[in-house]
Structure formats: C-alpha cells, structure tokens
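# Overview (structure and organization)
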Amino acid sequence: MASAIGNAARAAMARLAGLQFGALSTRIALLYAGLFALVLGLIVSLAVGGLARFGEASASRDLAANARVFDEILAARARQMGDQADVLAHDFGFREAVATADAATIASALTSLEDRVRSDMAFVVTLEGELLAADASGVPAPDTLWARLDEGGKRGIIRTDRGLALAAASPIEAPDLIGWLVIAQPLDRAELDRLVDLAPIALEAQVVEAARQPAWLRNAKADAVFERQENERLLYHVSNLAVLQDGIAPRLVLRHALEKSLSAYTELKVWLVLLAAGGIMLVLGLSWKVARSVTEPLQQLDEATRLIGEGREVSLNIATDDEIGRLAGSFNQMVAAIEERERQIIHVGLHDGLTGLPNRKLFTEQLANTLSRRRAGEQVMVAYIDLDDFKMVNDTLGHPAGDTLLRMVAGHLCEDLPDALIARLGGDEFAILIDGIGDKASLGNIADALQRSFERPLSINGQHAACGASIGIAMAPGDGEDGTTLMKNADLALYRAKHEGKSTYHFFEPSLDEAARQRRQLELDLRAAIKEGGFELNFQPLYSLAEKRLTGFEALIRWNHPTRGRVNPAEFIALAEETGLIIPIGEWVLREACHQASTWPDNVTVAVNVSPKQFTATGIVSTVLSALSSSGIAPARLELEITESIFIADIETTLATLHSLRNLGVKIALDDFGTGYSSLSYLRSFPFDKVKIDKSFVEDLGTSSSGHAMIRAITTLANALGMATLAEGVEDVAQFEVLEREGCQNIQGYLFSRPVPAGAVAAMLRDGAGYQRLLSA
C-alpha cells in the first residue's frame, strides 16, 4: 500500500511536469500540491514500510522467544519426571528388588510411578542390558538406550512404538550402579497443542526426526528464525532436541504465518492513507488561493510583454509601491534600455574589444558586400598584416605594453588610411580592405603607403618599441572573386613575405598556392618520418688543438625522403620549428646520440643541438635524464648546444632550467656566439662550459683585417670566464693557423671531415682521420 502511494505521487508529479496549463495560478497550485503529495507519499511510504519491518521483526522475536519457552517447558517437565524417578531409584526396597530381580515388586513400583506422574511408560535397564517393566510393549530396545545412559544422560527424547516421547532417567545404585530407571511421557499432537496454547502468537509446533524432514528444513540452521515463501509468507524456527536413544535426531519445528502478525497494522495503514489524502486536498486549496493573489498582477505584465513582442510601445501604470509596483517600474526601464543594449550587443559582436576595430566576422561580411558591388574596371585589395617580433614586446615590456602597441598601430592605420576598412583578426594580425582601385592605379605605391604606416616611431612608457610588419596582398578579381579565396591568397602572400625577411610586403602569385601545397605535403611526410623512424644521425668530429686529438662529435640529423631523397635540414628543421614537430624530433636525436655515444670510448663526447622550442617545452630535464639512463653514458660526455634566443622569452625560467641540466653533470655550450644582440650579457648570466664561435667570424679571417682581432677578443673573454672555445666552419689551413695562433681551443669544419654516418665513427676514432692529415701537411 505504501509503495503504491509513493508510486502514485511520483507519477502525478511526472504528469504535472509534462502538462502545459494556461494559467500560472493553476500551475503554481498544482505544483505545490504535487510537491506536497510527493513528500507526503514518501513519508507515508516510509511509515508503512517501517510498520511492516517492525511487525516482521516483532514476529521474529516472538517466535524465537516461544522456541526458548518450549525448550524450557520441555526441560522443566523432564526435570519433574527426573525428580520422581530419583525418589523411586533411591528407595531401598526398590533397589533391593532390582538387585534381586524381584519382577513383581519392580512391576508394582513402576505401575505406581506411572500413575503418580501421569506417564504411560516406566522401565528399568540393567547393566547387563536387560529390560525390567510392568508392560514391556512399546519400550525401545535396551541396546539403543544403554550407551546414552552409561554416558550419564538423564533426560531426552526416545522413540517408542507410539511415537516420540520425552524421557527422564535416574541411576539405581545398591550401592554400586546396577541399572537405570527410565520414565517417559509421549510428545503427541495433543501434548504439542497444549504447549502451543501457552504461546502469545499463533503458531504450529512439530517434533520431527531429521530423516523425515524435507531437504530445505533439514539443512536449516538450528536456533535461528528464517522466512520461507509457500502459499503465504511463513516464519520458521528449528531446535535440536536432546536424546536418550541412539539412532534418532528429533528437531522441534515452530511455524508462524507472518501475514497474521502484519494484519494487525492494516487499520493504522488505512488511517495514514486517509490523512495523507486529506492533507493533499487541503494544500491544493490553499495553494490555489495563494497563487491567485500573486498571478493576477502578473497578467498585466504578461499582456505588456506580448505587445512588446509585436513591436508596439508599452508603458505600465505604476499603481502600488509594493514588489509588483517596483517590478512594473523596472519593466518600463527595461523597455527603454532594450534598444540601446541591442546596439551595444551588435557592436561587441562585430568589433574587437581592445582596439575598437571591426573583427573577422564584420570584415568578412563587408568584403562580401564590397565584392558584390564591385563594378567593371575596379579592383579590390585585401591585405593581411602580421606584426614582426610582437612576441618580444610582450615578453620584454609585458602584455599591457603589447596591448598599448596594438592600439597605437590601429590608430596609425586609421589615420593613414581613412577610406579603408581596417580590422583586427586576432593577436597581432590585421586585415585591410581597399576598394574602388582603378585598373591603371599603382599597386606598389599603395603597398608602400601601407608599409610606411608601420615605420612611425613608437614610445611605450618612455621606452622605444620597434614595430615592423609583414604584409600579404591579394587583388580582386585577378587573385579571386570571392572573399574566401581572396583571404586565403592574402594569407599565402603573407607567409611568403615573412620568409623573405621582416618589414616587407608580397603580392599573391599562383605559385604560392603550389608552394603551400608542397609545404603541407612536406609536413605530412615529416610526421610519417617521425612515426616510422625515417631519420638518421651523422656525426662531425670535434678536434682539440691543445690535446692534438679528436675529442668528440656533433650529432647532425639527416632525412632520406622515400621519393625526394636527401632533404636539406634547413628546409625541414624550419618547418618542424613552425609546426612544433621539433620537440619529438629533438627527443629522438637526443636519445639516439646518447645511444651511439655509448659505443665510443669513454673520453669521447657527443654534442646535441637543442632548439628553442624544445628547450622551453616542459620536460627537457627529464628527457635528458632518461636518455642518459637508457644509454648508460656519463653525463659529462653529453654537451647540449643552445642559442641565445632561448633567453628572450623568460630569462628566469631559462636560467633555472640550465642550472637543473648543469646539476645533472651535462655540459652546456652557447652556439652561434656573436650573432645576437646580447651575447655578452648572456655569458655573464650563466657559466657556459663552451662558447662556439659562429662560422661567419671564421669566414672573415680571409677577407677582413678585423677578423683576427674579433677572434682574439672572443677567446680572451672566454678564457677569462673559464669557458672553452670552439670555431665552426673551418675549411682551409690558413683559417686553422690563425685560430690556433689566437688561442682557440677546439676546431670543427670540412678541413678535417664532413659529417659521417654513425658506422664510420669507429674507424675515424681508430686512425684519428683528419687531424693526422693536417699535421702531416
């Protein structure tokens, strides 16, 4: 019943939720009534369920208690019979009669005992196993009783021809044990019914031998209450009874019909249901009344809102100063502000929040409109602009300075190109749309004017900020007649402009589209090479002028393309940097270089270039540690070559990473020294192990008189700071002699050897190739 109430309440709530009633007051009243019905239904369900569980628990306790009472009653009756048997067993005359086998006296005494205790059976079992009784009919065989009696058993169940009986025994001693007096009382249906009448609950009792019980009852645990579903729910309790006879295992089985116990709670359940129904009706009425008082004023607001939806002007009269009156006033203010807010929303959706310029969406829409209005003989220019080195401004001056720079650039463009549509596409990218350009107009002059807009000097917080720009230009109708094509081609031209050098512009050419396709294909091939292991390492030897020997190798990656053959590293390394693929490539180079070095002598080092993107990515220290651990080489044999560009982004983080690598025992070399703006300051920031002199300085040794002085200055500075020096790109003996004379400690270049495959390293180490030829020359 309780489950039905809960289910009905939940079903009612589900139906209410799915209905759409016309009046708000109806929905409020039904909603509150439904919620109340749901809560009340749950409460009634829990209460009824609790009553059922309480009734079940009570019935179980009563049944267990009655089982204990039955056991106690049987034990008490057995003790009573035992006491009567003890009196006769200790009688001198009876003992003498048993000792002398006086059958008449024994029969008379046993008959008198049966009458006195209302027993239908009394007999004597002697030590020799003989049976003495007034009437031996129905008495069990003495040999089935003798063992239990000899063990000291005094009471228990025996089986007679008339059924099971409760028996008590008393030893007969004269003065030694000569036998046992046994008295029995039947446990028939009438006796069990008398016991059942004493129980406070309705139950049935049976004493059944285990062999005659069904399997489920025979396997039931003794002295425990359990439930079984037959035609109705029944509770059972099984007790093992003590026996005075071998070969029997009687059990007392009590059964109680559970429904009879639970029926006492039916009236209470009915009252609970009636109270719940009355409460629901009362709440429904009250909810309706309250809802009407709230919803009537809201109907006026509903009507006003409908009129606004039709585009009509509405103003509510404020008649009260309560919540409804204040709501009406707020409604009037809302109506007045809707139009202004709509204008603001449209502006925000179509303009850049930082510069106030149109965004990509508005630029695309205006471009499509301009192209649709273009007249014959007119051209439309679309220019994509990307600021050069804008990231450096953010990293060095901070993001607020970068935002200021973007606003200043936007202002300059608007001043210089008042008739053009200027948009910010995102980040440091801008787009410009210029229409109405005649067929004879000079497009180069227009592009130069665009470029000059970025040549103005900029000052942010008193600091000079350089702001060049790369520009890609596409023209309609020549480069495309729809906006999507024009914007794609302008982007391709911008890509070419950035690769040709900063602060320049480039017009779209059909070949750029093919170049972009090839670049995309090269990127796919590069990813496949990473996945399939398409790279290999070559090693260029490093020679020590001080030790007059080959001391190490620099690992250089090579890619043998399956169709294009050997790909120039300058081509695919730049692409890997742009796409981020340099990180997995760099990790492979590091692991493979360490693996190869593990096959070399312990005094030969390996140098590995680390790109800026790979260095700033998280995990460079763990990658180095993993490569060292897997290869087993000493950390001091690994030299990482970095360029000063890693310091541009975050000097503190860079220095922390360098110190972490140094703590591993790895050597750090500053590559391409002298080509940047701040090389000297970086030497002061971190104690590098080696400085690699850029090959441009080595090339100058044969063409510039200042080349000797530059080499001397670098080696002197490095020696003063405790850093070794290495010159790259040494190709002739004259360069070698100058470097040796000016104190350069290590040499690398084609003069000694080109990069060789990994398999040729062993032979080079064995005969000292390159350096020995130089000495012999």
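Residues numbered from 1 in each chain as written. Predicted model: local features only at pLDDT ≥ 70, side-chain atom pairs only at ≥ 80, totals over all residues. Heavy atoms only, no water.

Turning our eyes to something else, we now look at helix H4 (residues 103–117). Compared with an ideal rise of 1.5 Å per residue, which puts 15 residues at 21 Å, H4 spans 21 Å between its outermost C-alpha atoms and is within 8% of the ideal. The complete set of buried residues in H4 reads Ile106, Ala109, Leu110, Leu113, Glu114 and Val117. Along the axis of H4, the buried residues cluster in a sector spanning 140°; they form a single face. Exposed residues lying more than 90 degrees from the buried face of H4 are Ala104 and Asp115. (Helix = DSSP H or I, 4+ residues; strand = E, 2+ residues; numbered from the N terminus. Expected span 1.5 Å × (residues − 1). Buried < 20%, exposed > 50% of the residue type's maximum accessible area, 1.4 Å probe, protein only. Arc of directions from axis to C-beta.)

Mean pLDDT over the chain works out to 81, with 87% of the residues at or above the 70 mark. Here helix H1 (residues 2–18) stands out as the element of the chain with the lowest mean pLDDT, 47, in contrast to strand E20 (residues 605–609), whose mean of 95 is the highest. Note that residues 12–21 has pLDDT below 50 and, in this model, 10 contacts with residues that lie over four places away or in other chains. (pLDDT = per-residue confidence, 0-100. Contact = heavy atoms within 4.5 Å.)

The next point concerns the packing of aromatic side chains. The description of an aromatic ring pair uses the distance of the two centres, along with the angle that the planes make with each other. Tallied over the entire structure, the rule returns 11 aromatic pairs. Plain terms: the ring middles of Tyr543 and Phe752 are 4.7 Å apart, the flat faces sit at 40° to each other, and that makes the pair tilted. On the criterion of sequence distance, the pair formed by Tyr543 in strand E17 (residues 535–544) and Phe752 in the loop between strand E25 (746–747) and strand E26 (756–757) is long-range, its members being 209 residues apart. This pair shows no difference in class: Tyr543 is buried, exactly as Phe752 is. Seen in terms of ring centroids, Phe553 and Trp600 are 5.1 Å apart; in terms of plane orientation they differ by 55°. Their pairing is tilted. Remark: Trp600 occurs in the loop between helix H18 (582–597) and E20 and Phe553 occurs in strand E18 (residues 549–561); sequence separation between them is 47 residues. Each of the two residues, Phe553 as well as Trp600, counts as buried. An aromatic cluster is built from Phe535, Trp559, Phe572 and Trp588, whose rings are joined through pairwise contacts. (Phe/Tyr/Trp six-rings, centres within 6.5 Å; stacked < 30°, edge-to-face > 60°.)

The N-to-C vectors of helix H3 (residues 92–100) and H4 enclose an angle of 135°; their axes lie 8 Å apart at closest approach. One finds that H3 runs oblique with respect to H4. Handedness of the H3/H4 crossing: left-handed. Taken together, the residues of H4 that come into contact with H3 (itself represented by Phe94, Ala97 and Val98) are Thr105, Ile106, Ala109 and Leu110. For the contact of H3 with H4, the class distribution of residues is six nonpolar, one polar and no charged. (Axes fitted to C-alpha atoms, helices over the stretch in contact; angles between N-to-C directions. Parallel < 35°, antiparallel > 145°, perpendicular 65-115°, else oblique. Left-handed = near helix turned anticlockwise from the far one by under 90°. Nonpolar A, V, L, I, M, F, W, Y, C, P; charged D, E, K, R; others polar.)

Together, Val270, Trp271 and Leu274 line one region of the surface with nonpolar side chains, adding up to about 310 Å² of accessible area. As for its position among the elements, Val270 is in helix H9 (residues 266–309). Under the relative-accessibility criterion, Val270 is labelled partly exposed at 35%. (Patch = residues over 30% accessible without salt bridge, like charges linked within 9 Å, V, L, I, M, F, W, Y side chains within 5 Å. Areas by Shrake-Rupley, 256 points an atom, 1.4 Å probe, with all protein chains shown as cover. Salt bridge = Lys/Arg side-chain N within 4 Å of Asp/Glu carboxyl O.)

Before going further, it helps to examine the sheet that holds strand E7 (residues 225–229). Strands sit in the order E6-E9-E8-E7 across an open sheet of four strands; the sheet is antiparallel. Every other strand in the sheet has two partners, leaving strand E6 (204–209) and E7 as the edge strands with one partner each. Between one strand and the next, the sheet's axes are offset by a mean angle of 30°, whatever the strand orientation. Bridge analysis of strand E8 (residues 233–240) against strand E9 (residues 250–257) gives seven bridges, and the strand direction is antiparallel. Looking at E9, one finds that Ser239 is bridged to Leu252. (Pairing = 2+ DSSP bridges.)

Turning our eyes to something else, we now look at the sheet that holds strand E15 (residues 469–476). Read across the sheet, five strands follow the order E11-E12-E10-E15-E16 without closing on themselves; strand pairing throughout is mixed. Edge positions in the sheet fall to strand E11 (421–426) and strand E16 (505–507), since each of these pairs with one other strand and no more. Looking at each pair of strands side by side, their axes are set apart by 20° on average, direction ignored. Where E15 and E16 come together, three bridges link them in parallel fashion. Looking at the pairing, Gly472 lines up with His506 of E16. Its contacts with the sheet put helix H14 (residues 443–452) on strand E10 (378–387), strand E12 (429–438), E15 and E16, and the angle it makes with E16 is roughly 150°.

Time to look at the nonpolar core. Counting residues in hydrophobic clusters, the biggest one holds 72 residues, and the most contacted among them are Val624, Leu638, Leu640, Ile668, Phe688, Leu739 and Ile747. A total of seven residues in this core trace back to one element, the largest contributor, which is H18. Grouped together as the second largest cluster of nonpolar side chains are 42 residues, Ala67, Val98, Val243 and Leu252 included. (Core = buried A, V, L, I, M, F, W, Y, C linked by side-chain atoms within 4.5 Å.)

Another point: the pattern of salt bridges. What the rule picks out here adds up to 19 salt bridges. A salt bridge links Glu209 to Arg159; the shortest N-O distance between them is 2.7 Å. Of the two residues, Glu209 is situated in strand E6 and Arg159 in strand E3 (residues 155–160); the sequence distance between them amounts to 50 residues. Given a relative accessible area of 9%, Glu209 falls into the buried group. As a salt-bridge pair, Glu728 and Lys692 come within 3.3 Å of each other at their nearest N and O atoms. In this pair, Glu728 is assigned in the loop between strand E24 (724–727) and helix H25 (733–741) and Lys692 in strand E23 (residues 690–693), connecting sequence segments 36 residues apart. The pair formed by Glu728 and Lys692 is uniform in burial state, with each residue classed as buried. Linked by salt bridges that have partners in common, Glu554, Glu641, Lys692 and Glu728 make up one network.

Attention shifts here to the environment of Pro562. Following the sequence through the fold, Pro562 ends up in the loop between E18 and strand E19 (565–567). By relative accessible area, which is 74% here, Pro562 ends up exposed. Here the alpha-carbon distance between Pro562 and Ala529, two residues 33 residues apart in the chain, equals 9.5 Å.

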